[in-house]
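# Fold and geometry: a report
Here are the chains, one letter per residue:
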Amino acid sequence: MINLLSVWVVPFLIFSALVFAYLRGVKVFDTFVEGAKEGFDMSVRLIPFLVGMMVAIGLFRESGAMDLAEIILAPFLSVLGIPVEVLPLAIMRPVSGSSALAITTEMMNTHGPDSLLGRMAATMQGSTDTTIFVLTVYFGAVGIRKTRHALAVGLTADLVGIIAAVFICNMVFG
Amino acid sequence: MINLLWVGMIAAAILVAGATGRVELVTQSIFTSAEKAVGIALNLISIMAFWLGIMKIIEKSGFIHLVIFFLKPVAYWLFPGIPHDHTAMNAMLMNMSANLLGMGNAATPFGIKAMEELQKLNDRPDTATDNMCTFLAVNTASLTLIPTTVIAIRSATGSLNPTDIIGTTIVATFCSTAAAITADRFFRYWNNRKSRGRC
């Protein structure tokens, strides 16, 4: 069921969005090209983040530091069933969107996008957001300094999202 | 946080490599990783260009209003005390729908607009209201139907079926959103028991 959903969502969205837009009289192709240019800029803007993060994680893994961290942290993480490899992503996800994306990319590149770890990273990346960035931008925009329980709620959501991603991926792809 | 993590990873790696007598690996590893990073970013251009093209069409065609129609009952329940035809409600609906469709870039301006409108309903301008907290709870939980960027990266790194994580992402994002709303409702209830009536 979950897999069937995955296969159909994108074709369905593209089909309905294009037909709807055409019937509404939108110049679909011109609009497409306009948006596609933004896609180019976005990919190029990601390069510095990717270089910084992939170098750091690559070093961390190849030097053996990752193995060391695994030995130290394994007892805590195994309780929740979280593989140690996803730890950098889990820490970075609420803090910096581009850096988290870079970590996700690094994991897919190293373990393969269709591996369990690759899919886990993808699911985590997609199901959580950069809580601290969102709060900073939105509260900052209207000058609110006392944010009350917003941060606690946002971080709770991230934690639940990460654990849920691990659990569901183990179930569906494991 | 990001600075500490970055320095920590690199410093720890160099120390461990040095201690195990494999320092020469450090320079080598930096070059290969950096090269890979640029390669992936170049691959990413193809699918990102396509997706953002489609997103632009969705944005221009008013397709988003179809989503808003289904979201309305949920939004009315989430944000009590805000008139249904208020600009704040409208901006929040646009923001949530854009997020749902994976249009992160388009969602932010609506979100900021919503915050400005909510601020007009706020009698203590330096303190967040209940509805602001709820709005940000929904936003940080990132309820998405199609994680476009992740799909793009999967295809850039050579996945055989880049979209097969949509199902698991929807389930996980549903869990995190449910957790966010539950936690938010808990705080709302807790605070209102102490001080009556703020929205």
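For every chain, the first residue of the written sequence is number 1, and numbering continues from 1 along that sequence. Each chain gets a letter, beginning with A, and each ligand a number, beginning with 1, in the order they are written. Local features are withheld for residues below a pLDDT of 70 in this predicted model, meaning they are given only at 70 or higher, and side-chain atom pairs are given and counted only at 80 or more; totals for whole chains, interfaces and linings count all residues.

## What to know about the overall build of chain A
- Only runs of H or I of at least four residues qualify as helices and only runs of E of at least two qualify as strands under DSSP, and these elements are numbered from the N terminus. In terms of helices and strands, chain A carries eight helices and zero strands.
- Overall, chain A shows an N-to-C arrangement of helices and strands of α-α-α-α-α-α-α-α.
- Along the first, second and third principal axes, the C-alpha atoms of chain A reach 60 × 45 × 35 Å.
- Remark: C-beta atoms are placed from the backbone, and a residue is labelled buried if 20 or more other C-beta atoms sit within 10 Å of its own, exposed if 12 or fewer do, or partly exposed between those counts. Classification of the 174 residues of chain A by burial places 48% in the buried group.
- Residue pairs qualify as contacts under a 7 Å threshold applied to their C-beta atoms, which are placed from the backbone. The long-range fraction of contacts in chain A, counting pairs at least 24 apart against all pairs at least 6 apart in sequence, stands at 64%.

## Some thoughts on the overall build of chain B
- Counting its regular elements, chain B contains eight helices and zero strands.
- When the elements of chain B are put in sequence order from the N terminus, they spell out α-α-α-α-α-α-α-α.
- Just to be clear, the radius of gyration here is over C-alpha atoms, and the globule rule we use is 2.2 Å times residues to the power 0.38. Its C-alpha radius of gyration of 22 Å places chain B more than 25% over the 16 Å reference for a compact globule of 199 residues.
- In terms of overall dimensions, chain B has a C-alpha envelope of 65 × 45 × 30 Å along the principal axes.
- Counting across all 199 residues of chain B, residues that qualify as buried make up 51%.
- Excluding contacts between residues fewer than 6 apart, the proportion of contacts in chain B whose partners are at least 24 apart in sequence is 65%.

## A closer look at the environment of phenylalanine 69 of chain B
- With respect to the helices, strands and loops of the structure, phenylalanine 69 of chain B is situated in helix H3 (residues 64–78).
- Taking C-alpha positions, phenylalanine 69 of chain B is 9.2 Å from leucine 93 of chain B, a pair spaced 24 residues apart along the chain.

## Here we look at the packing of helix H2 (residues 24–61) of chain B against helix H7 (residues 148–156) of chain B
All names here are of chain B.
- Between H2 and H7, whose axes approach to 8 Å, the crossing angle comes to 135°. When the axes of H2 and H7 are compared, the pair comes out oblique. Like other packed secondary-structure pairs, H2 and H7 cross with a definite hand, here right-handed. Across from Ile40, Asn43, Leu44, Ile47, Met48 and Trp51 in H2, the residues of H7 making contact are Thr148, Ala152, Ile153, Ser155 and Ala156. Axis definition: a line fit to C-alpha positions, over the contact stretch in the case of helices; interaxial angles, taken between N-to-C directions, run 0 to 180 degrees. Roughly parallel means an angle under 35 degrees; roughly antiparallel, over 145; roughly perpendicular, 65 to 115; everything else is oblique. Should the near helix be turned counterclockwise from the far one by less than a right angle, the crossing is left-handed, whereas a clockwise turn marks it as right-handed.

## A look at H3 of chain B
- Working rule for helices: expected span equals 1.5 Å times residues minus one. Across its 15 residues, H3 of chain B extends 20 Å between first and last C-alpha, which sits within 8% of the 21 Å expected from 1.5 Å per residue.
- Here the bend at a residue means the angle between the axes of two seven-residue stretches, the one that ends at it and the one that starts at it. Of all the bends in H3 of chain B, the greatest, near 50°, is centred on leucine 71 of chain B, and the proline proline 73 of chain B appears no more than four residues after it.

## Structural notes on the interface of chain A and chain B
- Contact with chain A, which involves 92 residues of that partner, is made by 86 residues of chain B.
- Mapped by element, the contributors of at least two residues to the side of chain A that touches chain B are helix H1 (2–23), helix H2 (28–62), helix H3 (65–80), helix H4 (87–92), helix H5 (97–111), helix H6 (116–127), helix H7 (131–142) and helix H8 (150–172) of chain A.
- Here the side of chain A that touches chain B takes 26 residues from H2 of chain A, the largest share from any one element.
- Residue polarity follows a fixed list, in which Ala, Val, Leu, Ile, Met, Phe, Trp, Tyr, Cys and Pro are nonpolar, Asp, Glu, Lys and Arg are charged, and the others, Gly among them, are polar. Each residue belonging to the side of chain A that touches chain B can be placed in one class, and the counts come to 54 nonpolar, 27 polar and 11 charged.

## Re H7 of chain B
- The buried fraction of H7 of chain B is high, at nine of nine residues.
- Looking only at H7 of chain B, the buried set comprises Thr148, Thr149, Val150, Ile151, Ala152, Ile153, Arg154, Ser155 and Ala156 of chain B.
- In this structure, the buried residues of H7 of chain B make contact with H5 and H6 of chain A together with H2 of chain B.
- Downstream of H7 of chain B by one or two residues, glycine 158 of chain B has phi in the positive range, about 85°.

## Looking at the environment of leucine 4 of chain A
- With respect to the helices, strands and loops of the structure, leucine 4 of chain A is situated in helix H1.
- Linking leucine 4 of chain A and serine 43 of chain A, residues 39 residues apart in sequence, is a C-alpha distance of 29 Å.

## Some details on unusual backbone geometry
- In the Ramachandran plot, arginine 148 of chain A falls in the positive-phi region, its phi being about 50° despite a non-glycine side chain.
- Of note, arginine 148 of chain A is situated in the loop between H7 and H8.

## Details of the packing of H6 of chain A against H8 of chain A
All names here are of chain A.
- Put simply, H6 and H8 touch, their axes get as near as 9 Å, and they point 145° apart. Crossing of H6 against H8: the hand is right-handed. Residues Leu116, Arg119, Met120, Thr123, Met124 and Ser127 of H6 form the contact with H8, whose own contacting residues are Gly161, Ile162, Ala165, Val166, Ile168 and Cys169.
- When its residues are assigned to classes, the contact of H6 with H8 shows eight nonpolar, three polar and one charged.

## Notes on the confidence of the model for chain B
Residues and elements named next belong to chain B.
- For chain B, per-residue confidence averages 88 on the pLDDT scale, and 96% of positions sit at 70 or higher.
- A residue's pLDDT is the predictor's confidence in that residue, given on a scale from 0 to 100. The spread of mean pLDDT over the elements of chain B runs between helix H5 (residues 104–120), the lowest at 87, and helix H6 (residues 130–140), the highest at 94.
- Across the predicted assembly, pTM comes out at 0.82 and ipTM at 0.82.

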